[in-house]
Amino acid sequence: MSVLPPSRPPVAPDPEPETLAGLADRVRSAVARRADCFEVRAEASESIEYTWSRGGLQGAGTSRLSGVAVRLWVKGRSGFASCHTTDAAAIERMIDQALSIAGASASSEASSFPHAPLPARKIRYRPSIHGNPFEASPEEVGSLLGRAEGAALAVNPTLQVRALLAASRRHVVYADSGGRETDSETLLATLLTHAIHRNASRPGDGQDWIAGERGLRDFGADGPERIGKHAAVTAIESSTAIAAPAGRHRVLCDNALSGVLAHESFGHLTEYDLIAMRWSRLHGCLGQRFASEAVSVVDAPIVEASPRDGIRVPVDEEGVEGRPIRVLDKGVLRHWMHARGSAQLEGHEPTGNGRAMNARWSPIVRMRNTYFEPGDLTVEEALETMRDGVYLIGGRGGAPSAGGEFMFTSVRGYLVKGGRIDAPLRATAISGNIFDFLKGVRGVTRDFQVSATNFGGCGKWGQSYLAVGMGGPHVLVEDAQLGGVA
Amino acid sequence: MTLPVEALQAAVERGVRAAQRAGAEDAEVYLWSARSWETREAGRLRTVQESDGSGVNVRVRVDGRRVSVISSGLRDEDITWAVERAVSLARLMPRSDTPWHLPTPEESSAPPTPVDRELTNPRVDRLLGVVEESLRVFDAAPWIDYRAGALITSEGTFVVGNTNGLLAWDRHAHESFTCELRAEGQGEFRTMTVGLQARRPVNEAHDIPGALRSAIELVRVKAQAVPLASPVNEVVFDSHCAWQLLQGLLPSFAGNAANAKRSRFASQVGAVVASEAFTLTDDSSDPTSIRCYRYDDQGSPSQGALPLVERGILRNHVHDLSSALQAGAAPTGHGLRGAVGRYVQPPKTTVANARVAPGDHTLQELVETCEKGVLVEGGLLGHFTLNSVTGDFSCTAPLAHLVERGRVTAPLKPVTLGGNLFDLLREVRALGRDLQRFSRGACPSVRAGGLTAST
């Protein structure tokens, strides 16, 4: 029942509650016969975030986003438009705009990917979690967050500690003119603790988190305590950390940093839209060797080894079921990541990498969970093999380039002397060329972690930030350039 | 065209009354209606898309308990959902000791920000034409092996109202053009990005072909780039690179971060935080900036030019309504939701339009006064990885040159710069007079010490 007075007209009248499937049907009927082929996507998403500090909840916020998008093709030219209001007039205007974009594009030599027919099929996915964060009371959430804060303050009561719980869920209904229909719901939740240590000559901070397709009871029996304590210990340690030595060193990258390397410096180079644009230097390089047989890079819609970690993309925003691909298979470049149309253009099977951040955006080629495949070493064996060098932990992000040059910043690290961990190090940049880096891989560990969080993600062409999974094993590299800090 | 302001105002009034009826003692309802057009072209691949964005943010206080709820859409059911959800969630929350102040109508009475009509409903063929015409410049530079252009036009209106009777509104419209270009030579990729923004059609406000020709010249393949062989004691940043790095300072001026002691500048007003050469002002009333507004997203009026750092001394933090009340300071009109009036985010205490005061020198003169250093131009990679708590940063300059005894002597392989931004502030030695405007501020070129540089 509406709490608004009925005497004034609504801003955008659409009084009938409508399911996403109904909305998609309505748009499909409106666009039929006006284009050669089309795709309709209706979606609704919701997110919630709780902040805890000083022994109590400090804030809560929630948001939801819904909308509908249409992509259509007329004489091979495509147009895309979307709207958040879903009354009949808004939908007509959206379709008109998509038609007008397709028409205007006809005068140009530049083009978009073609529409690729796929067999009619219905695909459905629902997440499986324990303790839905969207149905939890603030007391239940506060209990988790309070445990994380308490564990951090037990390490040092002078720390400034914040604990956060963030969750997002997304429901997408897709239909195309060929009879393909998908209906998928995905969920991502993150429990995070951040600590700042100011009672030192130099401030330091640390954070840790657990994330993935998880409900409140899926963070582990001692998960909150573990991340709280770890954030506190790293905050204190980072206030005493020294600058990493600049120059070339033997380097061991931890799970998170190796994931950043796999995603940023190699993954993007194999996204087919960037191949088609000639942005990536890997254009024309399928079948070429870039690393030893010890190195494989995978992009997968689910992390099979630990299905709750990372993200799940059972079906992409072009109606394509996701399948894992070994982009780099035992050192040889074997596959591109494809959107539905780009796969058709190349004569390849679609991979399920056509993703859009929300209904506002057209799908483009995006990664899902990208990682190096694990090897045989233990971390101790990797350190022993390295003997003297630098152990880099965590990835704060960075910048790749089309030629394979990269610059990423670690979160922290350690000097390694004689195969043993020595002094803690501040954040430092690691830079180089991914192809030289891959050739220099001396070992890969068998431990394996992939993570995706509600904070940050991948940005591409304005669609920032899309949740992606990154991680993998530790990777030992013979020779890498470190930037150091002053 | 987005929805007329009168319709938005009526919906805000209804939302506030609904929140009151549901039990809120204070309520703020913020509605926005925005639209954007995006044309992107690289190689022979093009995407064109048009999208709307509209929604409501309801923030309520119920028995001292506060919550913020956001929904897309402007139907009555969207507003109702947000109001009901906010009030019901607030009842479950603990009482907050953070103060909240809602502005009154008397605090918000400035005229609306002018917008360019061409940007409120642009023609698709014009947008396509701007991109095509701009990229044609590259026909004369076939050695540029990759270029991509993107034109984004956006416009929007917001209305904010509250239980004090406030009903403030403002609108925005701007256009931005970005172009990424790349050349490979001598085994090194040289890339840079050109970014231009304006409150009117960007091709009328800027000489896009001229800017692209300058960029092409900058990435022109030169003689063999060499590694940096020995330490340097200074870096000369062009205005683009200087701004990228100095942007990392802006969160430290936020009043809420200072109140919570999360900012390095907490309790530092009146203290020396930078060299005497450095002055920084925030000005949300600058009509030439795309970050110009008459009200922030809480309906608090812009205070005009606000000195943040004067000749090295910290003068002010920026405040939204809550942080000002908590600090016992006056609000400065800095409760913003990302880009003005567009993003589906609750307001945060945010610097709006920061301008680094220019100096007296040309970039060439900054180089001439550098004994041994590095000149970096055209943009940095990875500058955003800066740790805003500690100030530590590490980033790469793909377009760098060795400077010896005041002269550029050799192009360098990409140089990695490392340092601490708060230390670097104290090592700013001279500024150029070449003030360049960026989306969130303006900055000249800078000569500074206190960094490490390596290749």
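Note that residues are indexed from 1 along each chain, following the sequence as it is written. Here the convention is simple: chains get letters from A, ligands get numbers from 1, in the order in which they are written. The model is predicted, so local features are restricted to residues of pLDDT at least 70 and side-chain atom pairs to those at 80 or more, both for listing and for counting; the totals for chains, interfaces and linings are taken over all residues.

Along its length, chain A carries 9 helices and 24 strands. The reference for a compact globule is 2.2 Å times residues^0.38; the radius of gyration itself is calculated from the C-alpha atoms. Here the C-alpha radius of gyration of chain A, 24 Å, is about what a compact globule of 486 residues would show, namely 23 Å. Along the first, second and third principal axes, the C-alpha set of chain A runs to 70 × 60 × 35 Å. Think of it as a crowd count around each C-beta: if 20 or more other C-beta atoms lie within 10 Å the residue is buried, if 12 or fewer it is exposed, and in between it is partly exposed, with C-beta placed from the backbone throughout. Burial status across chain A gives 60% buried among its 486 residues. Each helix is a run of H or I in the DSSP string that is no shorter than four residues. Each strand is a run of E no shorter than two, and both are numbered from the N terminus.

Examined against the element boundaries, B:Glu38 turns out to sit in strand β1 (residues 26-42). Those residues in contact with B:Glu38 that lie beyond four places of it in its chain are A:Gly462, B:Gln49, B:Ala150 and B:Ile152. Here the contact rule is simple: place C-beta atoms from the backbone, and any two residues whose C-beta atoms are within 7 Å are in contact.

Moving on: the sheet that holds strand β9 (residues 305-310) of chain B. Residue and element names in this part refer to chain B. The strand order β10-β9-β8-β13-β21-β20 describes an open sheet built from 6 strands, whose pairing is mixed. On the outer flanks of this sheet lie β10 (313-314) and β20 (436-438), each paired with one strand and no other. Only strands that DSSP links by at least two bridges are regarded as paired with each other. Bridge count between strand β13 (residues 354-356) and strand β21 (residues 441-443): 2 bridges; the pairing is parallel. Following the sheet pairing, arginine 355 is matched in β21 by alanine 442. Whenever a helix is involved, its axis is fitted only over the stretch in contact; in every case the axis is a line through C-alpha atoms, and angles between N-to-C directions fall within 0 to 180 degrees. Against the sheet, helix α6 (residues 239-246) makes contact with β13, β20 and β21, and its axis sits at roughly 125° relative to β21, the strand it touches most.

So, on to the packing of helix α2 (residues 88-105) of chain A against helix α3 (residues 124-135) of chain B. Close contact between α2(A) and α3(B) brings their axes to 9 Å; oriented N to C, the two are set at 40°. As far as their axial angle goes, α3(B) and α2(A) are oblique. In this structure, α2(A) meets α3(B) at a crossing whose hand is right-handed. Here A:Ser100, A:Ile101 and A:Ala104 of α2(A) lie close against α3(B), whose contacting residues are B:Val124, B:Asp125 and B:Leu128. Each angle is binned into one of four classes, with values under 35 degrees roughly parallel, values over 145 roughly antiparallel, values of 65 to 115 roughly perpendicular, and all other values oblique. Left-handed describes a crossing whose near helix is turned anticlockwise from the far helix by less than a right angle; the clockwise case is right-handed.

This part takes up the sheet that holds strand β18 (residues 415-420) of chain B. Residues and elements named next belong to chain B. What the 3 strands build is an open sheet, ordered β15-β18-β23; its pairing is antiparallel. Only two strands of the sheet have a single neighbouring strand rather than two, namely β15 (392-397) and β23 (451-454). Here the strands of the sheet are splayed against their neighbours by 20° on average, with no regard to which way each runs. Pairing of β18 with β23, which is carried by 4 bridges, proceeds in the antiparallel orientation. Following the sheet pairing, glycine 418 is matched in β23 by threonine 452.

All names here are of chain A. Sheet analysis places strand β21 (residues 458-460) next to strand β22 (residues 463-466), joined by 2 bridges and oriented antiparallel. Following the sheet pairing, lysine 460 is matched in β22 by glutamine 463. What sits between β21 and β22 in their antiparallel hairpin is a turn of 2 residues, with tryptophan 461 showing a positive phi close to 50°.

So, about the environment of A:Ile196. When you line up the elements, A:Ile196 lands in strand β6 (residues 181-197). Remark: the alpha-carbon pair of A:Ile196 and A:Ala232, spanning 36 residues in sequence, is separated by 7.8 Å. Once residues lying within four places of it in the same chain are set aside, the contact partners of A:Ile196 are A:Leu159, A:Gln160, A:Pro203, A:Asp205, A:Ala235, B:Arg262 and B:Val389.

Now for the interface of chain B and chain A. Taken residue by residue, the interface counts 79 residues in chain B and 73 residues in chain A. Examining the composition of the side of chain B that touches chain A, we find that 10 residues originate from one element, strand β2 (residues 45-62) of chain B, more than from any other. Bridge count between strand β3 (residues 77-83) of chain A and β2(B): 3 bridges; the pairing is parallel. Residue pairing for β2(B): A:Ala81 is matched across the bridge by B:Glu50.

Here we come to the nonpolar core. Take the buried Ala, Val, Leu, Ile, Met, Phe, Trp, Tyr and Cys residues, join any whose C-beta atoms are within 7 Å, and the set you get is a nonpolar core. Counting 278 residues, the largest nonpolar core has A:Val70, B:Leu31, B:Val374 and B:Val376 as the members making the most contacts within it. In terms of residue count, the dominant contributor to this core is strand β5 (residues 160-176) of chain A (10 residues). Not counting the four nearest positions on each side in its chain, A:Val70 is found in contact with A:Val27, A:Val31, A:Phe38, A:Val40, A:Ala81, A:Met94, A:Ile95 and A:Ala98.

Turning to the pairing of β2(B), a few remarks are in order. Side chains on a regular strand alternate between the two faces of the sheet. Residue and element names in this part refer to chain B. A large share of β2 lies buried, amounting to 17 of its 18 residues. Where β1 meets β2, 17 bridges bridge the pair, whose relative direction is antiparallel. Following the sheet pairing, arginine 35 is matched in β2 by aspartate 52. The pairing of β2 with strand β3 (residues 65-72) spans 8 bridges and is classified as antiparallel. Directly across from arginine 59, in β3, lies its bridge partner serine 68. The antiparallel hairpin formed by β2 and β3 contains 2 residues in its connecting segment, where aspartate 63 sits at a positive phi of about 50°.

Residue and element names in this part refer to chain A. For chain A, the assigned domains read domain 1 (138-238) and domain 2 (247-482). Each side of the interface is counted separately: domain 1 has 22 residues, and domain 2 has 18 residues. Amino acid classes used here: Ala, Val, Leu, Ile, Met, Phe, Trp, Tyr, Cys and Pro are nonpolar; Asp, Glu, Lys and Arg are charged; the rest, including Gly, are polar. Considering only residue class, the side of domain 1 that touches domain 2 consists of 8 nonpolar, 8 polar and 6 charged. What marks off one domain from the next here is an automatic or database domain assignment.

Quick look at the domain arrangement of chain B now. Residues and elements named next belong to chain B. For chain B, the domain assignment lists domain 1 (5-218) and domain 2 (234-454). Counting residues at the interface gives 39 residues for domain 1, matched by 26 residues for domain 2. Every element with two or more residues in the side of domain 1 that touches domain 2 is listed here: β1, β2, β3, β4 (146-162), β5 (167-185) and β6 (188-198). The greatest single-element share of the side of domain 1 that touches domain 2, amounting to 6 residues, is contributed by β6. When its residues are assigned to classes, the side of domain 1 that touches domain 2 shows 16 nonpolar, 17 polar and 6 charged.

Residue and element names in this part refer to chain A. Geometrically, the link from serine 464 to tyrosine 465 is a cis peptide bond, its omega value of -5° lying close to zero. Tracing the backbone shows tyrosine 465 in strand β22. One non-glycine residue with positive phi stands out, namely tryptophan 461, at about 50°. Here tryptophan 461 shows up in the loop between β21 and β22. The partly exposed category is assigned to tryptophan 461, around which 17 C-beta atoms lie within 10 Å.

The next subject is the packing of helix α3 (residues 138-155) of chain A against helix α4 (residues 223-238) of chain A. Residues and elements named next belong to chain A. In the contact formed by α3 and α4, the axes pass within 7 Å of each other and the chain directions differ by 35°. The crossing of α3 and α4 is right-handed. Residues Leu144, Arg147, Ala148, Glu149, Gly150, Ala151, Ala152 and Val155 of α3 pack against Pro224, Glu225, Ile227, Gly228, Lys229, Ala231, Ala232 and Val233 of α4. By residue class, the composition of the contact of α3 with α4 is 10 nonpolar, 2 polar and 4 charged.

All right, on to the environment of B:Glu377 then. Residues and elements named next belong to chain B. Here glutamate 377 lies in the loop between β14 (372-376) and β15. Residue glutamate 377 is classed as buried on the basis of its 21 C-beta neighbours within 10 Å. In this structure, the C-alpha to C-alpha distance between glutamate 377 and aspartate 238, residues 139 residues apart in sequence, is 5.2 Å. Here glutamate 377 is in contact with Leu218, Asp238, Cys241 and Leu399, once residues within four sequence places are set aside.

Expected helix span is taken as 1.5 Å per residue step, with the number of steps being one fewer than the number of residues. Taking 1.5 Å as the rise per residue, α2(A) with 18 residues should run 26 Å; its terminal C-alpha atoms sit 26 Å apart, in good agreement. Listing the buried residues of α2(A) in full gives A:Ile91, A:Met94, A:Ile95, A:Gln97, A:Ala98, A:Ile101, A:Ala102, A:Ala104 and A:Ser105. In this structure, the buried side of α2(A) is in contact with α1 (20-31), β2 (56-74) and β3 of chain A together with β2 and α3 of chain B.

Residues and elements named next belong to chain A. Over its 12 residues, α1 runs 16 Å from end to end, which matches the ideal 16 Å to within 8%, given 1.5 Å per residue. Taken together, the buried positions of α1 are occupied by Leu23, Ala24, Val27 and Val31. Seen end-on, α1 carries its buried residues on one side only, within an arc spanning 100°. Along its buried surface, α1 packs onto β1 (37-53), β2, α2 and β5. Where α1 terminates, the next one or two residues include arginine 33, which has phi positive at roughly 70°. This arc is taken over the directions from the axis of the helix to the C-beta atoms.

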